[in-house]
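Chains, contacts and geometry: an overview
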Amino acid sequence: MRFGFFKNVANKVRQLFTGRGKIDEDFFEELETLLIQSDVNIHTTLTILEDLRAAVRTEKLESSEQVLEHLKRSLTAILTQPEIAQKQPLKRGETSPTLYLVVGVNGVGKTTSIAKMSHYFSSKGSKVLLAAGDTFRAAAIDQLEIWAKRTNTDIVKHKEGSDPAAVIFDAIRAGRARGADYVIADTAGRLHNRAHLMEELKKINRIAERELGRLPDETLLVLDATTGQNALSQAKQFMGAVAVTGLILAKLDGTAKGGIVITLANELKLPIKFIGTGEKPGDIEEFDPRKFVEGLFETDNKSDTPT
Ligand SMILES: Nc1nc2c(ncn2[C@@H]2O[C@H](COP(=O)(O)OP(=O)(O)O)[C@@H](O)[C@H]2O)c(=O)[nH]1
Ligand SMILES: [Mg+2]
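Keep in mind that what you see is a predicted model, and the values were worked out from it rather than measured.

1. Comments concerning the sheet that holds strand β8 (residues 284–286)
The eight strands lie next to each other as β3-β2-β4-β1-β5-β6-β7-β8, forming an open sheet whose pairing is mixed. Pairing within the sheet leaves two strands with one partner each, and these edge strands are β3 (154–156) and β8. With strand direction ignored, the average angle separating the axes of adjacent strands in the sheet is 25 degrees. The sheet strands contacting helix α6 (residues 110–123) are β1 (98–103), β2 (128–131), β4 (182–186), β5 (218–224), β6 (246–250), β7 (272–276) and β8, and the helix crosses β4 at an angle near 175 degrees.

2. A word on the nonpolar core
Leu 130, Ile 168, Val 183, Ile 184, Ala 185 and Leu 249 are the most contacted members of the largest nonpolar core, which has 85 residues in total. Two domains each donate at least three residues to this core, and these are domain 1 (4–84) and domain 2 (91–303). With residues up to four places along the chain from it excluded, the contact list for Ile 168 reads Ala 131, Gly 133, Ala 185, Ile 204, Ile 207 and Ala 208.

3. Looking at the domain arrangement of the chain
Domain assignment breaks the chain into domain 1 (4–84) and domain 2 (91–303). Centre-to-centre, using C-alpha coordinates, domain 1 lies 33 Å away from domain 2. On the side of domain 2, 21 residues touch domain 1, which itself brings 20 residues to the contact. At the level of elements, α1 (4–16), α3 (42–59), α4 (64–79) and α5 (82–85) are the ones that each hand at least two residues to the side of domain 1 that touches domain 2. Take the side of domain 1 that touches domain 2: its biggest share by element is six residues, from α4.

Conventions we followed
- The residue numbering used here restarts from 1 in each chain and proceeds along that chain's sequence as written.
- Ligands are numbered from 1 and chains lettered from A, in the order in which they are written.
- Restriction of local features to residues with pLDDT of at least 70 applies here, the model being predicted, together with a cutoff of 80 or more for giving and counting side-chain atom pairs; totals for whole chains, interfaces and linings are based on all residues.
- Pairing between strands is defined by DSSP: at least two bridges between the two strands are required.
- The numbering of helices and of strands both runs from the N terminus, where a helix is a DSSP run of H or I of at least 4 residues and a strand a run of E of at least 2.
- Inter-axis angles, ranging from 0 to 180 degrees, are taken between N-to-C directions of lines fitted to C-alpha atoms, where helices are fitted over the stretch in contact.
- We call two residues in contact whenever the C-beta atoms placed from their backbones are within 7 Å.
- Structurally, a nonpolar core is described as a collection of buried Ala, Val, Leu, Ile, Met, Phe, Trp, Tyr and Cys residues joined by way of C-beta atoms within 7 Å.
- Partly exposed residues are those falling between the two cut-offs: more than 12 but fewer than 20 other C-beta atoms within 10 Å of their own, whereas 20 or more means buried and 12 or fewer means exposed, with C-beta atoms placed from the backbone.
- Residue ranges assigned to each domain were obtained from an automatic or database domain assignment.

Right, dumping it as structure tokens:
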């Protein structure tokens, strides 16, 4: 992936000591602008710059490499802070099937992400069953079914308008009967009707507790990386209605920025579990904070190398 805007940050630092040659207030101001242009929100940008200012004072950073290394450490620290790190590994259920609920508004890439996760786990030898829990629109059920066929995955579906909790109930039972390792459930993301959404998800949670003896192992919120700061406000709205345990950041290939990753971590204290990097089933990666930060600062040469 290429994050052109973030490279401006790196380049600014690299030019620092070849050009003007000192770290002054102008440098911090330019860095602030560049970070904000890269989708790092103001609050997070100020935190990063405060940290850099302190390091310049106390550690006497003297080369652009030292400044870059400090920035990398600082961003990595945001992504791996204890509150996030403890929730970072994908949770597996103590008994099969592991149940993942996937939530998010229409259009963010929810169905595609479910299909990709299914492909990801299948390719590692696990058996996956999909649950068409977005019963609100017939199109949502159809779309998941198309993906299920394409990725050769079992699916449990009811007809449009039926009770999503009943779909999850059947999916858990079917998953157990067929020896599925994972049940991945789609849900309706009707933010305009938060009370209803909450009721629906509470009911799903009750069914999970009764059938599996525990809550869903993950409740994953899908966000669209190309929507910048809107993704943050969408997440806050969702988190007011649902106990989200992690994020899936779709369409990261569609943005030249990348700072949204830092913003979401700093503001929500939630781990990004997966990133979506395209429209094909294989275009998904488990999120690796250190690898991501390295990628932000890679020189053009290196970023051209496929990873
Ligand atoms: N480039 C790109 N497109 C994506 C990605 N994930 C989803 N999309 C596209 O985004 C659109 C909406 O996706 P969909 O899964 O239907 O969203 P949903 O309404 O949330 O279920 C579709 O055209 C997808 O192909 C991604 O990671 N990269
Ligand atoms: Mg969908």
